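These are the residues of each chain, in order.
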Amino acid sequence: MRPVSPSMYILFYITRFIPYFGGQINHVLMLVRKLIKRGDKVMVFSQWKGKAPRMSYLPDGLKVIRGELLPWIRSPHLPLREIGKLTQLFLDYHMLLKYSRRSDLLHIHGPGPEALLPCLPLGDYIPISAWRYIKKRVPIPIIYTFHGYPSSHILFRQRLLQILKFADCLIAINQATYLYAMRMATEIGSRAEVAMIPNAVDTELFDPDKFPEANFEGDILKILCPARVSYIKGQHILLRALNELVNDKGLDIRCTFLGEVYSPELYYFRSLQALVDEYELRKQVNFVKGVPHEKMPYYYASHHLVVLPSLEEGFPITVFEAMAMRKPVVCSRLPVFREFFKEGKHCFMFSVGDPRELAERLEYIYYHPDRAETIAQAAMEYVRRRFSTSKIIPKII
């Protein structure tokens, strides 16, 4: 294995990067800032193409690598488009191989449960077999951070099994994945180190004392749902709950859905707009996209509470950010939420996929704001104590 120099050349791989937004991207940015400050040279390879605008939170000295986008990938003809994606995947692999040879360390941030297939959709993800080949050709340490949660799907086990065969270290972002990976590593005799390190919250950025907060005075309850538009994020569940609260019970509520709309989810986004029209919620509901991470605290601060009605999550960073901003959180009773939070102490929870129970939680908060504020204060102290960058990032670097 190549000796590691005091000043390292570190290559990150992540499917999406700036100008896109998301929890994985923000986590990588925090790591990059710390490494550059330490004196390391950092490169980020992203498969999703597009030129990134200069943004104030991109650190100086960061090199972002993007492959050339083949024009035929956008062809209206499906066979030509899929051939183009496979060709693009081949070119991306060779670019990764080239930059890996210049690096002392490769840190892969793997996609979550929605991308369990080795290459789905075609050309959007580097297959596991390609990473194994890169490891054989370029014997540098490889860290793989798995952004996902254990699934009963056979491909989940398959993916972890393959990762443990080539990675020097597997980082799980939740306890369930960590325990699953440890058992599997023992079964196959893997030499990979397995660690449990959750994603961090930038508590310097997400500081409620720096932003004017919305309070519960008056009769309007302002709800924020910060998540990319996707069926697994459950925005339709919140809309159904809003229908009951606004139209059946007459509560005065405003809701902002804050998140990107990527092309695979356009149909779902249109279905959400149709629900808004069907429930006559145009005055109550607003969709916002394209908000940089550095602007997120303003949105948290200007709303009374945060709702995340997800059907599936790996590590919901927006919930941690909301708690750091002293906002009450209502989330679905997923295993990952129950792993990190105590219901009634750190947040409110409801049964997964149940809009009626969600409506009950929101109605309770509407009429009991003092209780919601007490829980928000306890959650803020808990998150800032255990998940701040000063606590988490040193465990990785």
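On a predicted model such as this, the values are computed, not experimentally measured, just so you know.

Moving on to the pattern of salt bridges. Evaluation of the coordinates by the stated rule reveals twelve salt bridges. The salt bridge involving Asp209 is made with Arg326; its shortest N-O contact spans 3.8 Å. With Asp209 in the loop between β7 (193–196) and β8 (220–226) and Arg326 in the loop between α9 (317–324) and β12 (329–332), the pair connects residues that are 117 residues apart, well separated along the chain. Of the charged contacts in the structure, one is a salt bridge between Glu357 and Arg361, with a shortest N-O distance of 2.8 Å. Of this pair, Glu357 and Arg361 both sit in helix α11 (residues 355–367), separated by four residues, roughly a single helical turn.

What follows covers the sheet that holds β7. As summarised here, the arrangement of the seven strands in space is β3-β2-β1-β4-β5-β6-β7, forming an open sheet in which the pairing is parallel. The open sheet has two edge strands with one neighbour each: β3 (62–66) and β7. This sheet shows a mean twist of 20 degrees between the axes of neighbouring strands, independent of strand direction. Bridging between strand β1 (residues 9–14) and strand β2 (residues 41–46) involves six bridges; their strand directions are parallel. Counted as the bridge partner of Tyr13 is Phe45 from β2.

For the rest of this paragraph, the subject is the packing of α9 against helix α12 (residues 369–386). Look at α9 against α12: their axes get within 7 Å of each other, and the N-to-C directions meet at 115 degrees. Comparing the axis directions of α9 and α12 gives the class roughly perpendicular. In this structure, the crossing between α9 and α12 has a hand that is left-handed. Contact residues: Phe320, Met323 and Ala324 in α9; Ala376, Ala379, Met380, Val383 and Arg384 in α12.

With four bridges connecting them, strand β9 (residues 252–258) and strand β10 (residues 285–288) associate as parallel partners. Note that in β10 the partner of Thr256 across the bridge is Asn286. Each parallel crossover has a hand, and the one from β9 via helix α7 (residues 266–278) to β10 is right-handed.

This brings us to the packing of aromatic side chains. Overall, the coordinates contain 19 aromatic pairs when judged by the stated rule. Ring geometry for Phe206 against Tyr300: centres 5.8 Å apart, planes inclined by 70 degrees, an arrangement best described as edge-to-face. Here Tyr300 lies in helix α8 (residues 296–301) and Phe206 lies in the loop between β7 and β8, a separation of 94 residues in the sequence. Overall, Phe206 belongs to the buried group, its relative accessible area being 0%. An angle of 80 degrees between the planes, with centres 5.3 Å apart, marks the rings of Phe315 and Phe340 as edge-to-face. Of the two residues, Phe315 sits in the loop between β11 (305–308) and α9 while Phe340 sits in helix α10 (residues 335–340), which places them 25 residues apart along the sequence.

Following both chains from N to C, one finds helix α1 (residues 23–38) and helix α13 (residues 389–396) inclined at 75 degrees, their axes separated by 11 Å at the closest point. By the criterion of interaxial angle, the relationship of α1 to α13 is roughly perpendicular. Listed contacts from α13 to His27, Met30, Leu31 and Lys34 of α1 are Thr389, Ile393 and Ile396. Split into classes, the residues belonging to the contact of α1 with α13 amount to four nonpolar, two polar and one charged.

Criteria and cut-off values
Residues numbered from 1 in each chain as written. Predicted model: local features only at pLDDT ≥ 70, side-chain atom pairs only at ≥ 80, totals over all residues. Heavy atoms only, no water. Salt bridge = Lys/Arg side-chain N within 4 Å of Asp/Glu carboxyl O. Helix = DSSP H or I, 4+ residues; strand = E, 2+ residues; numbered from the N terminus. Pairing = 2+ DSSP bridges. Axes fitted to C-alpha atoms, helices over the stretch in contact; angles between N-to-C directions. Parallel < 35°, antiparallel > 145°, perpendicular 65-115°, else oblique. Left-handed = near helix turned anticlockwise from the far one by under 90°. Contact = heavy atoms within 4.5 Å. Right-handed = clockwise from strand over helix to strand, strands pointing away. Phe/Tyr/Trp six-rings, centres within 6.5 Å; stacked < 30°, edge-to-face > 60°. Buried < 20%, exposed > 50% of the residue type's maximum accessible area, 1.4 Å probe, protein only. Nonpolar A, V, L, I, M, F, W, Y, C, P; charged D, E, K, R; others polar.

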